[in-house]
Amino acid sequence: MVFDRAAGVRLTERARLVPIGLEHVEDLWCLHQDDAVAQWHGGRWTRDQARGYAERSSTAWETEGVHKWIAYDRVNGGLIGRGGLSHAEIDGQRRFELGWTVSAPLWGRGYATEIGQAGLALGFNELNATEIVAITERHNRRSRAVMERLGMCYSREILAEGLLEGQAGIHENAPFALYTIRR
Ligand SMILES: CC(C)(COP(=O)(O)OP(=O)(O)OC[C@H]1O[C@@H](n2cnc3c(N)ncnc32)[C@H](O)[C@@H]1OP(=O)(O)O)[C@@H](O)C(=O)NCCC(=O)NCCS
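None of these values were measured; they are calculated from a predicted model. (Residues numbered from 1 in each chain as written. Predicted model: local features only at pLDDT ≥ 70, side-chain atom pairs only at ≥ 80, totals over all residues. Heavy atoms only, no water.)

Enquirer: Outline the sheet that holds strand E1 (residues 10–11), supporting the account with residue identities and numerical values.
Expert: The sheet built from 8 strands is open, its strands ordered E1-E2-E3-E4-E5-E6-E8-E7 with mixed pairing. Bordering the open sheet on either side are E1 and strand E7 (153–163), each of which pairs with just one other strand. Both strand E6 (residues 131–137) and strand E8 (residues 170–182) contribute to a ladder of 7 bridges, which runs antiparallel. Following the sheet pairing, Ala134 is matched in E8 by Tyr179. The strands touched by helix H3 (residues 47–64) are strand E2 (15–19), strand E3 (68–73), strand E4 (79–90) and strand E5 (93–102); relative to E3, the strand with the most contacts, the crossing angle is about 110°. (Pairing = 2+ DSSP bridges. Helix = DSSP H or I, 4+ residues; strand = E, 2+ residues; numbered from the N terminus. Contact = heavy atoms within 4.5 Å. Axes fitted to C-alpha atoms, helices over the stretch in contact; angles between N-to-C directions.)

Enquirer: Tell me about the nonpolar core, and please be specific about residues and values.
Expert: By size, the foremost hydrophobic cluster in this structure holds 31 residues, and its most contacted members are Leu98, Trp100, Ile132 and Met152. Where this core is concerned, the elements lending two or more residues are E2, E3, E4, E5, helix H4 (111–126), E6, helix H5 (141–149) and E8. With 7 residues, H4 is the largest single contributor of residues to this core. When neighbours within four sequence positions are excluded, Ile132 is seen to be in contact with Leu85, Phe96, Leu98, Gly119, Leu120, Gly123, Phe124, Met152, Tyr179, Thr180 and Ile181. (Core = buried A, V, L, I, M, F, W, Y, C linked by side-chain atoms within 4.5 Å. Buried < 20%, exposed > 50% of the residue type's maximum accessible area, 1.4 Å probe, protein only.)

Enquirer: Tell me about the pairing of E2, residues and numbers included.
Expert: Extensive coverage of E2 is indicated by the burial of 4 of its 5 residues. By the bridge criterion, 2 bridges tie E1 to E2 in an arrangement that is antiparallel. Across the sheet, Arg10 pairs through a bridge with Leu17, a residue of E2. The loop that links E1 with its antiparallel partner E2 comprises 3 residues. The sheet contact formed by E2 and E3 spans 5 bridges and is antiparallel. Of the residues in E3, the one forming a bridge with Arg16 is Tyr72.

Here you go:
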């Protein structure tokens, strides 16, 4: 069965959340050119990285019926960011994972929290999730603050591929904070 993309669109108070597809490569690339965003993703994305992400997301929507959205301003159509819910292997288990990346000039306005709330609603109200998790590098305070604003609870530290505070590059065993919320 072909996934109905239009049915995957969600509206929040300020954003239109659209299932990521191949038509979003350019917007994903733009989002990841700002240094403030790039520093949390191992550098600026190349167009190939943006295309790879769009392909993986698009395939997941088709095969699993859920993955991340790209978020646009409902009024002026401007790019807000990306985020939402997806299946991910975390700490040896397949889980529902919530995430977000917001265009740097729009930080501090609650957009990540708004995208996160839509992801929680999708998981708990429509996909029958019993638990949703989020992870971020231990020192990513802004992302941890979003998790806490969403009512998620710190569970424990896990090691995953990512950033070490004060060091360049991606490391195999970086400390991540795991947050959870149950239905
Ligand atoms: C992580 C990230 C998405 C957080 O963005 P953010 O703007 O700090 O988070 P929110 O959108 O929830 O905004 C929260 C801020 O907006 C304020 N705010 C304003 N209006 C608000 C509203 N309606 N609702 C909630 N918060 C609101 C809050 O008080 C808070 O301000 P503060 O940071 O001064 O305390 C952003 O820093 C980012 O894109 N980082 C790079 C990518 C990244 O690290 N992603 C996570 C990887 S795991």
